[in-house]
Amino acid sequence: MPASILEEVGHLLEAASTRDTVTRLSCPSCGSVHVAQVLGDNGGISYVCTACGHSWS
């Protein structure tokens, strides 16, 4: 828990500045970047393209 609201704002600004360096996922089927991360059947992570419906893990 942050000690102050200024400390919390600092953490949010750091997260926002590093967000642009994250690799973006794209659908291997259609190339769309409209991809949702979902919890898989076995507790793993899967991905679903919201443009074409293709799913993969």
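Before going into details, it helps to say that this report is about the structure given with it. (Residues numbered from 1 in each chain as written. Predicted model: local features only at pLDDT ≥ 70, side-chain atom pairs only at ≥ 80, totals over all residues. Heavy atoms only, no water.)

**A short note on the overall build of the chain**
- A tally of helices and strands in the chain yields one helix and three strands.
- Reading the helices (α) and strands (β) of the chain from amino to carboxyl end gives α-β-β-β.
- Counting every position in the chain, which comprises 57 residues, the buried fraction comes to 12%.
- Summarising the internal contacts of the chain: among those between residues at least 6 apart in sequence, 13% fall at separations of at least 24.
- Accessible surface, the chain: about 4,600 Å² in total, of which carbon and sulfur atoms supply 56%. (Helix = DSSP H or I, 4+ residues; strand = E, 2+ residues; numbered from the N terminus. Buried < 20%, exposed > 50% of the residue type's maximum accessible area, 1.4 Å probe, protein only. Contact = heavy atoms within 4.5 Å. Areas by Shrake-Rupley, 256 points an atom, 1.4 Å probe, with all protein chains shown as cover.)

**Re the sheet that holds strand E2 (residues 45–49)**
- Sheet architecture is open: three strands sit in the order E1-E2-E3, paired in antiparallel fashion. Looking at which strands have only one partner, the edges of the open sheet turn out to be strand E1 (35–39) and strand E3 (55–56).
- By the bridge criterion, two bridges tie E2 to E3 in an arrangement that is antiparallel. If you follow Tyr47 over to E3, its bridge partner there is Trp56. (Pairing = 2+ DSSP bridges.)

**Points about the environment of Ser29**
- The topology assignment puts Ser29 in the loop between helix H1 (5–19) and E1.
- Each C-alpha atom, one on Ser29 and one on Cys52, is 8.1 Å from the other, the two residues being 23 residues apart in sequence.
- If we ignore the near neighbours within four places in the chain, the residues touching Ser29 are Cys52 and His54.

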